[in-house]
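# Analysis of the macromolecular model
So you can see what is in the structure, the chains are spelled out below.
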Amino acid sequence: MTIEEFARKVEEGEIAGLRRAKLDCEANLNNAKTTIKPGKRWTKVDVGSSGRYMVDMDGSIYGIKAYGVPHFGHPFGTLENPNPRCFQGRY
């Protein structure tokens, strides 16, 4: 799986979660859009205007402790085998 496919599946999961919770107004759907920001060591996957995941050069996925700082205590698998929790959405 590429980083673009991962980001697209995260976005689809966020939108599906909003629809399940009946919170699918236009503002919430706009804040469920994902963006990819490449860096020297890490690629950031943001949901809305907040950071959600950081992916290293090997494809390992981690949560974010502070923006630009990976949380090694919250691993989410790799791009080849991501944790299904990544795609469930918040709601």
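The coordinates are above.
Computed from a predicted model, the values in this text were never measured in an experiment. (Residues numbered from 1 in each chain as written. Predicted model: local features only at pLDDT ≥ 70, side-chain atom pairs only at ≥ 80, totals over all residues. Heavy atoms only, no water.)

For any pair of aromatic rings, the description consists of the separation of the ring centres together with the inter-plane angle of the planes. Taken as a whole, this structure holds six aromatic pairs when the rule is applied. Pairing Tyr 62 with Phe 72 gives two aromatic rings, centres 5.1 Å apart and planes at 75°, and the pair type is edge-to-face. You can see Tyr 62 sitting in strand β4 (residues 60–66) and its partner Phe 72 sitting in strand β5 (residues 69–78), a full ten residues away along the chain. Overall, Tyr 62 belongs to the buried group, its relative accessible area being 16%. The exposed category is assigned to Phe 72, whose relative accessible area is 54%. (Phe/Tyr/Trp six-rings, centres within 6.5 Å; stacked < 30°, edge-to-face > 60°. Helix = DSSP H or I, 4+ residues; strand = E, 2+ residues; numbered from the N terminus. Buried < 20%, exposed > 50% of the residue type's maximum accessible area, 1.4 Å probe, protein only.)

Here we come to the pattern of salt bridges. Applying the stated criterion across every chain, the model contains three salt bridges. For the salt bridge of Arg 19 with Asp 24, the shortest nitrogen-to-oxygen distance reads 3.9 Å. Judged by its relative accessible area of 35%, Asp 24 falls in the partly exposed class. The shortest N-O distance in the salt bridge between Lys 37 and Asp 46 comes to 3.4 Å. Asp 46 gets classed as buried once you look at its relative accessible area, which sits at 2%. (Salt bridge = Lys/Arg side-chain N within 4 Å of Asp/Glu carboxyl O.)

What follows deals with the environment of Lys 33. As for its position among the elements, Lys 33 is in the loop between α2 (26–30) and β1 (34–38). Between the alpha carbons of Lys 33 and Phe 72 there is a distance of 25 Å; along the sequence they are 39 residues apart.

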